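# Notes for the structure review
Listed here are the chains, written in short residue letters.
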Amino acid sequence: GLSRLKDLAPVLKVLAQANNLEKVEIDSTELSKQDFVYLSKMTALSELSLKSSPITDDDLVQLTTLQNLRMLDLSSCNKLSLKSIDTLTRFKKIVH
């Protein structure tokens, strides 16, 4: 996992170029807007964990490019609002 790293951008930039990455764990980590740009390019991801991260509603919208996600862990992401419910419906493959 990539949890608790201080500057993820260089790592995520390289990982975004790997078209076959299926699982990423970035728990308890402050992510920049650029980090979400890189994550949104990892379209092969089937599992993404962002537990206890300060992800916002706008950050979640950015991730809707990840249409292969079957699992998205947003537990303890306290900055998300009810607005994100509509966004979550755009992830068609997530198992409830």
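Residues numbered from 1 in each chain as written. Predicted model: local features only at pLDDT ≥ 70, side-chain atom pairs only at ≥ 80, totals over all residues. Heavy atoms only, no water.

Here the focus is the overall build of the protein chain. Each helix and strand in the protein chain was counted, giving four helices and three strands. If you list the helices and strands of the protein chain from N to C, you get α-β-α-β-α-β-α. Whereas a compact globule of 96 residues would reach a radius of gyration of roughly 12 Å, the protein chain reaches 12 Å, a difference of no more than 12%. Viewed in the frame of its principal axes, the protein chain has a C-alpha envelope of about 30 × 25 × 20 Å. Residue pairs at least 24 apart in sequence account for 54% of intrachain contacts in the protein chain once pairs closer than 6 positions are excluded. Of the roughly 5700 Å² that the protein chain leaves accessible, carbon and sulfur atoms contribute 51%. With 13 positive and 12 negative side-chain charges, the protein chain shows a separation of 2 Å between the mean positions of the two kinds. (Helix = DSSP H or I, 4+ residues; strand = E, 2+ residues; numbered from the N terminus. Rg over C-alpha atoms; globule rule 2.2 N^0.38 Å. Contact = heavy atoms within 4.5 Å. Areas by Shrake-Rupley, 256 points an atom, 1.4 Å probe, with all protein chains shown as cover. Lys, Arg positive; Asp, Glu negative; His and termini not counted. Charge placed at Lys NZ, Arg CZ, Asp CG, Glu CD.)

On to the sheet that holds strand 2 (residues 47–49), then. An order of 1-2-3 is seen for the three strands of this open sheet, with the pairing classed as parallel. Two strands lie at the open edges of the sheet, namely strand 1 (23–25) and strand 3 (71–73), each paired on one side alone. For this sheet, the mean inter-axis angle between neighbouring strands, taken without regard to orientation, is 0°. Judged from the three bridges that link them, strand 2 and strand 3 form a sheet pairing that is parallel. Within strand 3, the residue paired with serine 49 across the bridge is aspartate 73. (Pairing = 2+ DSSP bridges. Axes fitted to C-alpha atoms, helices over the stretch in contact; angles between N-to-C directions.)

Another aspect to go through is helix 2 (residues 33–40). The periodicity of an α-helix, 3.6 residues per turn, causes residues three or four places apart in sequence to face the same way. Every buried residue of helix 2 is listed here: Asp35, Phe36, Tyr38, Leu39 and Ser40. Looking at the buried side of helix 2, the elements it contacts are helix 1 (9–16), strand 2 and helix 3 (57–62). (Buried < 20%, exposed > 50% of the residue type's maximum accessible area, 1.4 Å probe, protein only.)

Turning to the environment of leucine 48, a few remarks are in order. Note on placement: leucine 48 falls in strand 2. Placed 24 residues apart in sequence, leucine 48 and valine 24 show a C-alpha to C-alpha distance of 5.1 Å. Ignoring anything within four residues of it in the chain, the contact list for leucine 48 reads Val24, Leu39, Leu63, Leu66, Leu69, Met71, Leu72 and Asp73.

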